[in-house]
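What the coordinates show
The primary structure of each chain is shown beneath.
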Amino acid sequence: VLLVRNRKEFSALGSKCPHYGAPLSKGVLRGERLRCPWHGACFNIRTGDIEEYPSLDCISCFKVTVEDGKVFVTAKKKVLTSPAVDEHEQLLGLASLAGVAALVCAETLRQEGFTGRIVMATRERHVPYDKSRLSKEMDLKAEDVYLRKPEFLNAQGIELWTEKEAVAVDFQKQKVRFVDGSSQKYHQLLIATGSHSSFLKVPGADLQNVCVLQTPEDSSRISKLATGKNLVIIGASFIGTRLDKNSRVPAPARDRNGTSLQPGAAAELPACVLAGYSCFYSSTAWNFLMNTQTSPFQMLQNKGVKFHMKSELCELKGKDGKVTEAVLANGEKLPADVVVVGIGSAPNSSFLKGTSIARDSKGAILVDLHMQTNIPNVFAAGDVVSFPVALLSGDRSSIHHQQVAEAHGHFAALNMLKKEKELQTIPFFWTTLFGKSIRYAGCGKGYTDTVVKGSLEQQKFLIFYIRDGLVTAAASLNCDPMVSLIAEVLYLGKQISKEEAE
């Protein structure tokens, strides 16, 4: 039990974050909001309700009494020994194209009292799952990363249609058509189809053992193929930064000039790193964190990771249909039994071509702060959208991360119910690198300066990203809960000047 005093009032609540068990006693308390030190989830200390994702569950609250200067907490032993769960019930005439944003949308609708039919349709064979774990624990079964069990969805009255890919939407008739020829009418629609890995466009890209990491099956396959083999990672995706020693695949990033740094394998494996391209939003953090003078870069090198700076992949060569070699533009040849491609991503919105829904030049669906598209009764959320970002003075951006997608789904649900709530969230990213925590919060896009606190040599530091004289983002290595604290300040709408950061 965590006992919290806010001014003269005491609150007692569960001591661990329901997301991944972080000790909330090490978090950040501002008013009635308690923020997790690891991944930025926020909870109301009076009610235990979620106020910021990525946690899907609220935390338990307990009765507190004060007598003769002593504080007493009353709780049932069963509640103390079980994880917190959201006990709200019932949610839509919605045909939702499912991801984590759709899951949160559905749950929020039920929590807000919606009792109509909800359908979640996904081309995947699984319920929505935690994709961040695919690169951390690559030997897990798909069921181990489910965000909700099928039984939970059934109990909430949420229909899940798996392997049901949407191929067209008729917005006039309010109907979604699926790949199997069937269709479904809707009253309100959430499009949360996510994104897909960009395709490699070089000779040999279609060889066997050239992989992307998107599903639990991809994760298991890469783990099996790469063990004891020559592995090359192409590109600068954030996914690679989360591949830990268990997967035997290390971490990609970018240098300060935008050149990607791609490690290829862990210490005991032959390793190669290729240049590539990244569209991942938080790459500004890695611009500094992965500069050759900083400790994360050195940590990777110390583990035997080899980097090829400012290089481009020219061709993949193979034998008997399987990849054997990666050829760089400078002529260098790298042995490659397995190639993992992480060169950015693109929104899954091609099925909307020819419709009147507004999209940007990259195919991202344009939404406002209510997650509303230009089509009545049609909302969109997650990786597939471009939305106004407060920290960018309202400029649009696409942010591909679970926490942001969850926030999108939550606000989409509220506005489906006509509650007129504008999106309010601070993007929060996280990973670990050889046991060291890396956190990033805010929107560093377009930053012009940085302020560094702490020691690069001691592998403990905090970086502020400055735009127009103000902090718009922060990143840290082994400095919890500083990024959570900064995220909370930014969430409250307060400004941090460069001078204050220094």
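See above for the structure.
Residues numbered from 1 in each chain as written. Predicted model: local features only at pLDDT ≥ 70, side-chain atom pairs only at ≥ 80, totals over all residues. Heavy atoms only, no water.

**What about the state of the cysteines?**
Structurally, a disulfide amounts to a covalent bond that connects the sulfur atoms of two cysteines. Put simply, the rule reads: Whenever a pair of cysteine sulfur atoms sits within 2.5 Å, that pair is classed as a disulfide. Residue exposure (1.4 Å probe, protein chains only): buried if accessible area is under 20% of the type maximum, exposed if over 50%, otherwise partly exposed.
Enumeration over the complete set of coordinates arrives at zero disulfides. Not part of a disulfide, C58 finds its nearest cysteine sulfur in C61, a span of 7.6 Å. According to the relative accessible area criterion, C58 is buried, its value standing at 12%.

**Re the packing of aromatic side chains**
Put simply, the rule reads: Stacked, edge-to-face and tilted labels apply to pairs of Phe, Tyr and Trp rings (six-membered ring for Trp) whose centres lie within 6.5 Å, assigned for plane angles under 30 degrees, over 60, and everything in between, in that order. Secondary structure elements are taken from DSSP: a helix is a run of H or I of four residues or more, a strand is a run of E of two residues or more, and numbering for both begins at the N terminus.
In the structure shown here, the tally under the stated rule is four aromatic pairs. Look at F429 and Y440: their rings are 5.3 Å apart centre to centre, the planes differ by 40°, and that puts the pair in the tilted class. Of the two residues, F429 sits in strand β31 (residues 428-433) while Y440 sits in strand β32 (residues 436-442), which places them 11 residues apart along the sequence. When the ring of Y440 is compared with that of Y465, the centres are 6.2 Å apart and the planes differ by 75°; the resulting orientation is edge-to-face. Here Y440, found in strand β32, pairs with Y465, found in strand β34 (residues 460-467); they are 25 residues apart in sequence, far enough to count as distant. Judged by its relative accessible area of 0%, Y440 is buried.

**Quick look at unusual backbone geometry**
Look at the link from D480 to P481: it is a cis peptide, with omega at 5°. Tracing the sequence through the fold places P481 in the loop between β35 (470-477) and α8 (482-491). Of note in this structure, R7 is not a glycine but carries a positive phi near 60°. Position of R7 relative to the elements: it lies in the loop between β1 (2-6) and β2 (9-13). Assessed through its relative accessible area of 70%, R7 is described here as exposed. At D68, a residue that is not glycine, the phi angle is positive and equals roughly 55°. Position of D68 among the secondary structure elements: in the loop between β7 (61-67) and β8 (70-74).

**A few points about helix α2 (residues 100-111)**
The following threshold applies: A helix's residues, less one, multiplied by 1.5 Å, set its expected span.
Taking 1.5 Å per residue, 12 residues should reach 16 Å; α2 reaches 16 Å between its end C-alpha atoms and fits that length. Burial analysis of α2 places 11 of its 12 residues in the buried class, the great majority of the element. Buried within α2 we find V100, A101, A102, L103, V104, C105, A106, E107, T108, L109 and R110. Positive backbone phi, at 100°, marks G113, one or two positions downstream of α2.

**Section: a nonpolar patch on the surface**
Rules: Exposure above 30% relative accessible area and no salt bridge define the residues that can form patches, which grow by joining like charges within 9 Å and nonpolar side chains of Val, Leu, Ile, Met, Phe, Trp and Tyr within 5 Å. Per-residue accessibility takes into account occlusion by the displayed protein chains alone, with areas from the Shrake-Rupley method and a 1.4 Å probe. For this analysis, a salt bridge means a side-chain nitrogen from Lys or Arg found within 4 Å of a carboxyl oxygen belonging to Asp or Glu.
Side chains of V1, L3, V66, V71 and V73 sit close together on the surface and give an oily, nonpolar patch of about 380 Å² of accessible area. Inspection of the secondary structure puts L3 in strand β1.

**Looking at the pattern of salt bridges**
It is possible for side chains of opposite charge to pair when their charged atoms get near one another. A full pass over the atoms with the stated rule returns 16 salt bridges. Between E9 and R46 there is a salt bridge; the shortest N-O distance is 2.8 Å. Of this pair, E9 sits in strand β2 while R46 sits in the loop between β5 (42-44) and β6 (50-52), and the two are 37 residues apart along the sequence. A relative accessible area of 39% means that E9 is categorised as partly exposed. For R46, a relative accessible area of 47% puts it in the partly exposed group. One salt bridge in this structure joins E107 and R148, with 2.7 Å as the shortest N-O distance. Of this pair, E107 sits in helix α2 while R148 sits in the loop between β10 (118-121) and α3 (150-155), and the two are 41 residues apart along the sequence. As far as the burial class goes, E107 and R148 line up, both buried.

**Quick notes on the sheet that holds β8**
As a general point, the strands of a sheet are linked pairwise by backbone hydrogen bonds and lie either parallel or antiparallel. Where we set the bar: Note: two strands are recorded as paired if DSSP finds a minimum of 2 bridges between them. The angle between two axes is taken between their N-to-C directions and runs from 0 to 180 degrees, where each axis is a line fitted to C-alpha atoms and a helix contributes only its stretch in contact.
Spatial strand order, β1-β2-β7-β8: four strands in an open sheet with antiparallel pairing. Single-partner strands in this sheet number two, and they are β1 and β8. Adjacent strand axes in the sheet meet at a mean angle of 30°, parallel and antiparallel pairs treated alike. Strand direction decides the pairing type here: β1 and β2, joined by five bridges, are antiparallel. Bridge pairing in β2 places L3 opposite A12.

**Describing the sheet that holds β6**
If you trace the four strands from one edge of the open sheet to the other, you get β3-β4-β5-β6, paired in antiparallel fashion. Looking along the sheet, the strands with just one partner apiece sit at the ends: β3 (28-30) and β6. Adjacent strand axes in the sheet meet at a mean angle of 30°, parallel and antiparallel pairs treated alike. With two bridges connecting them, β5 and β6 associate as antiparallel partners. Across the sheet, residue F43 finds its bridge partner in β6, namely I50.

**What to know about the packing of α2 against helix α7 (residues 402-416)**
Any two packed helices are characterised by how steeply their axes cross, that is the angle between the axes, and by the distance between the axes. As a reminder, the rule being used: Just so you know how the angles are binned, under 35 degrees is roughly parallel, over 145 roughly antiparallel, 65 to 115 roughly perpendicular, and the rest oblique. Here a crossing is taken to be left-handed if its near helix is turned anticlockwise relative to the far helix by less than a right angle, and right-handed if that turn runs clockwise. Any pair of residues with heavy atoms lying within 4.5 Å of one another is described as a contacting pair. Under the scheme applied here, ten amino acids are nonpolar (Ala, Val, Leu, Ile, Met, Phe, Trp, Tyr, Cys and Pro), four are charged (Asp, Glu, Lys and Arg), and all others, including Gly, are polar.
Closest axis-to-axis distance for the α2/α7 pair is 7 Å, and the angle between their directions is 40°. Classed by the angle they form, the pair α2 and α7 counts as oblique. When the axes of α2 and α7 are compared, the crossing they make is right-handed. For the pair α2 and α7, contact is made by V100, A101, V104, C105, T108 and L109 and by Q402, A405, E406, G409, H410, A413, L414 and M416, respectively. Among the residues forming the contact of α2 with α7, the class breakdown is nine nonpolar, four polar and one charged.

**Things to note about the nonpolar core**
Formally: Remark: nonpolar core denotes a set of buried residues (Ala, Val, Leu, Ile, Met, Phe, Trp, Tyr, Cys) joined through side-chain atoms within 4.5 Å.
Among the nonpolar cores identified, the biggest contains 83 residues, and F171, L190 and I191 are the most heavily contacted of them. Not counting the four nearest positions on each side in its chain, F171 is found in contact with Y186, L189, L352, T355, I357, I375 and V378. Among the nonpolar cores identified, the runner-up in size contains 17 residues, and W430, F464, A487 and Y491 belong to it.

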